[in-house]
Amino acid sequence: EFTGYIGTCIDITERKQQEDEIARLLKDEKRHSTLLARVAEASRSVNAVLSTESIARILTEEARSIIGAERAVTSITLEAADRQVIRAISIAPEDRTTTPQEFSSTEEAIYAEVSRKHKPLRWTKSELLRRPEPTELKAARRCALAAPLVSHGGRILGVVQLADKQSGGFSEEDEAVLVQLAAIAAVGIENARLYDSLREQDRRKDEFLATLAHELRNPLAPVRTGLEILKIAGDAEQSKAARDMMERQLKHMVRLVDDLLDVSRVSRGKVELRREYVELRQVIDLALETSLPLFESARHELKVSLPPEEFYVFGDLTRLAQVLSNLLNNAAKYTADGGRVALSAAQDGTDVVIRIDDSGVGIPSEMLPKVFDLFTQVGRTIDRSQGGLGIGLSLVKRLVEMHDGSVVAESLGPGKGSTFLVRLPLAKKRMARANASSGDGVAKSNGHVPRRILVVDDNADAAASLAMLLRYNGCETRVAYSGPAALEVVGEFHPEVVFLDIGLPGLNGYEVANRIRRELGLSRTVLIALTGWGSDEDRRRSHEAGFNYHLTKPVEPTVVSDVLARFTANSLHHERSERRAPR
Ligand code: ADP
């Protein structure tokens, strides 16, 4: 007989709830990992391309599809002068109603808002309705999400925006994902730009090397021919013509190499200006000295017109003359023979503006800002080369800027001539006059030309040729090829002047100079440093080592005779270095 039963009843509500929770968390987790995997995949795609357009396209497509928006647009502003915008649009395949034009209408407002605040933006429908843009556009939108593409330095490169999520509004998580995608794309865009600029630099460097080789080989051929002529030349006139030609070619080559050295020194900040108060006429005269031969050989008409007043600037005479002669040389080079070039100057406020006009080949407008870039030449072709390396104007610009001035190029286009304008701040007049009249205090020659000269150089040809030149000037010379040998000769020959190379085997030039002064106690022997390095730091070192002069190689024969003529045995210590002749 059934008497009853014992049973239990367990409430599993909690367990079920926990199971549901776990299932939900698991689902969330899965969704999260899928999301992460998709973001990682998008990042790989962005990294695989190297053009801003492709990055914009991938970002737009991926952001829209990962977050599930109906429409997406990315706008990226290019760095170029015209600030052109790259735009990529993605519209969900289900959305057949929106056209790209329609979508672009509120885009600008969002772009402006995001780039102003440097922050992502998430608008709900009601926030959208508060915007002042036309209502019919807002009606089409339920919500918006946007994030800036920020560069390494904090600059806004562009904005990615999404509109109308397929299910509900945009969440905080959507915002985090979009910010992450935007950051990946920003890095990609910066890399793409870097890659482009490296490629461009590399291309320019290759082009430059080709031009350099060409430009250096050009003068070598006539020099070699000249040597042959000298060997077989029957009369003095033929030899002289060959020598003149070789000299011209050599000068040209020295100028190219000097420009190269200058531009590298200027860009490494190794050039220091020797500033003084100089009057513009001094600068122009010095520049003309260098440039006139070019005008004469091309039979150009050169007109210099200056107002009667004086223009003082506080600058480096040699460097300013180098600026003007570079511009004048270009005017002569890029103008067909028999052309017209005019140089003028006028005051403009607190500046003086120097203007060089030519009637030459002109410059296309898109090249005007670029001609000052290093290695840039308009329409460069090896066979049309004008004997330049594309560094002159870059040097001009840097030197002018070191003088707190500016330089611009103007031209109405090809065939219409060019104008270069150099603007320099005027110096305060009273000070300028006082300084200009005080003179430079350099000891001048009393007519004594030193006779016993020692030349020290480990390059035997260089030593022999300088010694030969000095012998032609009536000096007695000895030659030494190393530091210790130099000291020996000094001991027995007692030279009045020593031309001393710095890079020497055994003991370097500084050490030799030091020993001549300190150990041999010869304080009146004139020591002239001969070196490839001419920065202020090099000059300071040679001065400290006891040198009286510092000449940069290759030394022009005229500079040597100048130096010899300028001093006497006891007035030498007033002077330290020669002023480099402008080119
Ligand atoms: P380069 O050694 O080629 O003369 P620059 O730096 O001096 O180098 O000049 C750069 C380029 O600018 C030149 O190659 C030339 O194409 C252009 N340029 C410079 N000056 C003038 C000018 N007065 N008229 C026309 N083109 C010029």
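Keep in mind that this is a model prediction, so the values were computed, not measured.

### Quick look at the sheet that holds strand E11 (residues 406–411)
Taking strand neighbours across the sheet as the criterion, the five strands line up as E7-E9-E10-E12-E11 in an open arrangement whose pairing is mixed. Looking along the sheet, the strands with just one partner apiece sit at the ends: strand E7 (301–305) and E11. Neighbour-to-neighbour, the strand axes of this sheet turn through a mean angle of 15°, independent of strand direction. In this structure, E11 lies alongside strand E12 (residues 418–425), joined through six bridges in antiparallel fashion.

### Side note on the confidence of the model for the protein chain
In this model, the protein chain carries a mean pLDDT of 84, and residues with pLDDT of at least 70 account for 88%. Counted against residues more than four places away or in other chains, residues 437–447, with its pLDDT under 50, gives 10 contacts. Per-residue pLDDT stays below 50 along residues 568–583; that stretch engages in 57 contacts with residues further than four places along the chain or on separate chains.

### Focus: the site of the ligand
Looking at the ligand, there are 20 residues lining it, with Asn-330, Tyr-334, Asp-358, Gln-377 and Leu-393 nearest. Note that an oxygen atom of the ligand is positioned 3.0 Å from one of the backbone N or O atoms of Val-378. The backbone of Gly-390 places a nitrogen or oxygen atom 3.0 Å from an oxygen atom of the ligand. When the ligand is considered free in solution it has 530 Å² of accessible area, and contact with the protein chains removes 97% of it. Looking at the shell around the ligand, the element that brings in the most residues is helix H10 (residues 317–333), giving three residues.

### Points about the sheet that holds strand E5 (residues 156–165)
Read across the sheet, five strands follow the order E2-E1-E5-E4-E3 without closing on themselves; strand pairing throughout is antiparallel. For this open sheet the edge positions go to strand E2 (85–91) and strand E3 (121–123), each flanked by a neighbour on one side alone. Each neighbouring strand pair of the sheet contributes to a mean axis angle of 10°, computed without reference to strand direction. As defined by bridge partners, E3 adjoins strand E4 (residues 144–150) across three bridges and the pair is classed as antiparallel.

### Topic: the packing of helix H1 (residues 13–48) against helix H7 (residues 172–232)
For the pair H1 and H7, interaxial distance at closest approach is 9 Å and the crossing angle is 20°. One element, H1, and the other, H7, form an angle in the roughly parallel class. The handedness of the crossing between H1 and H7 comes out as right-handed. Note on element contacts: H7 touches H1 through Glu-173, Val-177, Gln-180, Leu-181, Ile-184, Ala-185 and Gly-188, opposite Arg-31, His-32, Leu-35, Val-39, Ala-42, Ser-43 and Val-46. A per-class count over the contact of H1 with H7 returns eight nonpolar, four polar and two charged.

### Things to note about the pattern of salt bridges
For the structure on display, the rule yields 32 salt bridges. Across the salt bridge formed by Glu-19 and Arg-15, the nearest N and O atoms sit 3.9 Å from each other. With Glu-19 and Arg-15 both in helix H1 and four residues apart, the pair spans about one turn of that helix. Classification of Glu-19 as partly exposed rests on a relative accessible area of 38%. Residue classification places Arg-15 among the exposed positions, given a relative accessible area of 52%. Of the charged contacts in the structure, one is a salt bridge between Arg-203 and Glu-200, with a shortest N-O distance of 2.9 Å. Of this pair, Arg-203 and Glu-200 both sit in helix H7, three residues apart, roughly one helical turn. When its relative accessible area of 32% is taken as the criterion, Glu-200 is described as partly exposed. Each of Glu-70, Arg-71, Arg-142 and Asp-164 takes part in salt bridges that share partners, so that together they form one network.

### Structural notes on helix H16 (residues 536–544)
An α-helix turns once per 3.6 residues; consequently, residues spaced three or four apart project the same way. All of the buried residues along H16 are Asp-536, Asp-538, Arg-539 and Ser-542. What you see down the axis of H16 is that its buried residues fit within an arc of 160°, all on one side. On its buried side, H16 packs onto helix H15 (509–518), strand E16 (526–531) and strand E17 (549–552). Two residues or fewer after H16 comes Gly-546, characterised by a positive phi angle close to 110°.

### Here's the deal with the environment of Glu-173
Tracing the backbone through its elements, the reader meets Glu-173 in helix H7. Given a relative accessible area of 24%, Glu-173 falls into the partly exposed group. With residues up to four places along the chain from it excluded, the contact list for Glu-173 reads Arg-31, His-32 and Leu-35.

### Focus: unusual backbone geometry
Even without being a glycine, His-118 presents a positive backbone phi close to 55°. The residue His-118 is located in the loop between helix H4 (107–117) and E3 in this model.

### Re the packing of H7 against helix H8 (residues 236–267)
At a minimum axis separation of 8 Å, H7 and H8 run at an interaxial angle of 160°. Classed by the angle they form, the pair H7 and H8 counts as roughly antiparallel. Crossing of H7 against H8: the hand is left-handed. Residues Phe-208, Leu-212, Glu-215, Leu-216, Pro-219, Leu-220, Pro-222, Val-223, Gly-226, Leu-227, Ile-229 and Leu-230 of H7 touch H8, and the partners they reach there are Gln-238, Ser-239, Ala-242, Arg-243, Met-245, Met-246, Gln-249, His-252, Met-253, Leu-256, Val-257 and Leu-260. By residue class, the composition of the contact of H7 with H8 is 17 nonpolar, five polar and two charged.

What counts, and where the lines are drawn
Residues numbered from 1 in each chain as written. Predicted model: local features only at pLDDT ≥ 70, side-chain atom pairs only at ≥ 80, totals over all residues. Heavy atoms only, no water. Pairing = 2+ DSSP bridges. Helix = DSSP H or I, 4+ residues; strand = E, 2+ residues; numbered from the N terminus. Axes fitted to C-alpha atoms, helices over the stretch in contact; angles between N-to-C directions. pLDDT = per-residue confidence, 0-100. Contact = heavy atoms within 4.5 Å. Near = heavy atom within 4 Å. Polar contact = N/O pair within 3.5 Å; in protein donor to acceptor, adjacent residues only side chain to side chain. Areas by Shrake-Rupley, 256 points an atom, 1.4 Å probe, with all protein chains shown as cover. Parallel < 35°, antiparallel > 145°, perpendicular 65-115°, else oblique. Left-handed = near helix turned anticlockwise from the far one by under 90°. Nonpolar A, V, L, I, M, F, W, Y, C, P; charged D, E, K, R; others polar. Salt bridge = Lys/Arg side-chain N within 4 Å of Asp/Glu carboxyl O. Buried < 20%, exposed > 50% of the residue type's maximum accessible area, 1.4 Å probe, protein only. Arc of directions from axis to C-beta.

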